Amino acid sequence: MKKVLQNKAFITAVKLIIVLLSFYFIYSELHNNDQLNWKKFFELLDRKWSISGLLFLFSFSVANRYLEILKWQNLVAFIHPITTGESAKQVLSALTAGIFTPNGLGEYAGKALYFEQKKTKKIIFLNLICNGIQMIITILFGTIGLWVLGYNFWVLTIIGICLLFIGLSFLTKSIKIKGYSIEKLLTKINEIPKKIHRKNMLLAVGRYLVFSHQYYFLFLAFDVDLPYLTLMASIATVYFLASSLPSFQFLDFAVKGSVALFFFEKLGVNEWVVVFIATLMWFLNVVLPVVIGSYFVLKFKPKWKSLP
């Protein structure tokens, strides 16, 4: 009985720490960011924006996260089917757990805790597939974006690195490191039905198009007048390069904002507009889901039989 109480106390403490740290990091970044000109922002909000406009932009955030929920539901079906509601709970609470870990690594552990301990490796692997296809889509569109913007040297460099990686992977696929090899990884990937892979890819493309166009419409709302192709190519490039840099989820807007400044300033876009749009994207697609995810974290009951 004493051990059970200790476990419950430990779980409660961990859940509270995760939620409190999440909100602390969010508040700290919004409060201490000197680049945010709130006066200009609220002047623009008062002059141009409407409830319908805000709901329109918010709908992109809902669609973005919903597609991610469907992606996870689709992949987990390989182990056993879960409902959309259960998938939402796992995705949002994992996002909350991963907000203050490097590159969202806490997300992997957050999802794994919803399953029996013996399934941990499979869940981590499925999450890797889930995030991996999204990264591949980001690289593909980002490379196209660089080509459209005329950064041909960068495009050739990326293609060269990809070909080198594929070549090395082929040559070393049988080499094992601690029992793991590329050949074994490919075998594990092929064990997942092609139907699941196809759906995962389609949902990843849909999610990419949703959040990139949310970015696009935010630029329009801030009176940025650039050709559609130029603006979308710049957005694709920013997402690709920012995603390639190691960072924390709570610093996501700062990383993307810094990369965005490099590209959009060359196109004549005002610095404060670039920073604010990056911050709004972070708020709509990370902060709001984390607020909802915090509820699921507090309600969470682990499937694992025992905890330290």
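As annotated in an unreviewed UniProt entry, the chain is Lysylphosphatidylglycerol synthase domain-containing protein from Flavobacterium cheonhonense.

What follows is about the overall build of the chain. What the chain contains, in helices and strands, is twelve helices and zero strands. Buried positions account for 46% of the 308 residues belonging to the chain. When contacts within the chain are restricted to residue pairs at least 6 apart in sequence, long-range pairs at least 24 apart make up 76% of them. Counting only carbon and sulfur atoms, one obtains 69% of the accessible surface of the chain, whose full area is about 17000 Å².

Quick look at the confidence of the model for the chain now. Per-residue confidence for the chain gives a mean pLDDT of 80, with 73% of residues at or over 70. The least confident element of the chain is helix α1 (residues 2-32), whose mean pLDDT is 53; the most confident is helix α9 (residues 194-221), at 95. With pLDDT under 50 throughout, residues 1-6 is counted as low confidence; its partners more than four residues away or in other chains account for zero contacts.

All right, on to the packing of helix α3 (residues 51-76) against helix α6 (residues 120-148) then. For the pair α3 and α6, interaxial distance at closest approach is 10 Å and the crossing angle is 135°. As summarised for this structure, α3 and α6 are arranged oblique, according to the angle between their axes. At the point where α3 passes α6, the crossing takes the right-handed sense. In this structure, α3 uses Glu-68, Lys-71, Trp-72, Leu-75 and Val-76 to contact α6, whose residues at the interface are Ile-123, Leu-126, Asn-127, Ile-129, Cys-130, Asn-131, Ile-133 and Gln-134. Here the residues of the contact of α3 with α6 sort into eight nonpolar, three polar and two charged.

The next thing to look at is the pattern of salt bridges. The tally for this structure, following the rule as stated, stands at five salt bridges. With its nearest N and O atoms 3.1 Å apart, the salt bridge here joins Arg-207 to Glu-68. Highlighted residues: Arg-207 in helix α9 and Glu-68 in helix α3, separated in sequence by 139 residues. Residue Arg-207 shares its accessibility class with Glu-68, and that shared class is buried. We note a salt bridge from Lys-111 to Glu-107, for which the minimum N-O separation is 3.3 Å. Taken together, the residues span about one helical turn, with Lys-111 and Glu-107 both in helix α5 (residues 106-112) at a distance of four residues.

One non-glycine residue, Asp-223, adopts positive backbone phi at about 65°. Examined against the element boundaries, Asp-223 turns out to sit in the loop between α9 and α10 (228-243).

On to the nonpolar core, then. Ranked by size, the top nonpolar core spans 37 residues in total, and within it Tyr-215, Phe-219, Phe-222, Ile-235 and Phe-264 carry the most contacts. Residue assignment for this core shows that the elements contributing at least two residues are α6, α9, α10, α11 (252-264) and α12 (271-299). Considering every element that reaches this core, the biggest residue donor is α12, with nine residues. One finds Ala-88, Ile-129, Ile-196 and Phe-296 within the second-largest nonpolar core, a separate group that totals 20 residues.

We now examine the environment of Ile-124. Summarising the element assignment, Ile-124 is placed in helix α6. A relative accessible area of 36% places Ile-124 in the partly exposed class. Expressed as a C-alpha distance, the spacing of Ile-124 and Glu-107, which sit 17 residues apart in the sequence, is 9.3 Å.

One pass over the structure, following the stated rule, counts 15 aromatic pairs. Here Tyr-215 and Tyr-239 contribute two aromatic rings whose centre-to-centre distance is 5.6 Å and whose plane-to-plane angle is 85°, an arrangement assigned as edge-to-face. Residue Tyr-215 is located in helix α9, and its partner Tyr-239 is located in helix α10; the two are separated by 24 residues in the primary sequence. Classification of Tyr-239 as buried rests on a relative accessible area of 9%. Seen from their ring centres, Tyr-216 and Phe-217 are 5.3 Å apart, and the 70° between their planes marks the pair as edge-to-face. Taking the relative accessible area as the measure of exposure, Tyr-216 reaches 13% and is therefore buried. In this structure Phe-217 comes out as partly exposed when scored by relative accessible area, which is 27%. Feature note: the residues Phe-141, Tyr-208, Phe-211, Tyr-215, Phe-219, Tyr-239 and Phe-264 constitute an aromatic cluster, connected by ring pairs. The side chain of Lys-111 reaches across the aromatic face of Trp-72, ending 4.1 Å from its centre.

As a packed pair, α3 and α12 sit with axes 9 Å apart at the nearest point and diverge in direction by 65°. Classed by the angle they form, the pair α3 and α12 counts as roughly perpendicular. The interaxial crossing formed by α3 with α12 has right-handed handedness. Contacts between α3 and α12 involve Phe-58, Ser-61, Asn-64 and Arg-65 from the first element and Leu-284, Asn-285, Leu-288 and Pro-289 from the second. Residue composition of the contact of α3 with α12, by class: four nonpolar, three polar and one charged.

Thresholds applied
Residues numbered from 1 in each chain as written. Predicted model: local features only at pLDDT ≥ 70, side-chain atom pairs only at ≥ 80, totals over all residues. Heavy atoms only, no water. Helix = DSSP H or I, 4+ residues; strand = E, 2+ residues; numbered from the N terminus. Buried < 20%, exposed > 50% of the residue type's maximum accessible area, 1.4 Å probe, protein only. Contact = heavy atoms within 4.5 Å. Areas by Shrake-Rupley, 256 points an atom, 1.4 Å probe, with all protein chains shown as cover. pLDDT = per-residue confidence, 0-100. Axes fitted to C-alpha atoms, helices over the stretch in contact; angles between N-to-C directions. Parallel < 35°, antiparallel > 145°, perpendicular 65-115°, else oblique. Left-handed = near helix turned anticlockwise from the far one by under 90°. Nonpolar A, V, L, I, M, F, W, Y, C, P; charged D, E, K, R; others polar. Salt bridge = Lys/Arg side-chain N within 4 Å of Asp/Glu carboxyl O. Core = buried A, V, L, I, M, F, W, Y, C linked by side-chain atoms within 4.5 Å. Phe/Tyr/Trp six-rings, centres within 6.5 Å; stacked < 30°, edge-to-face > 60°. Lys NZ or Arg CZ within 6 Å of the ring centre and 35° of its normal.

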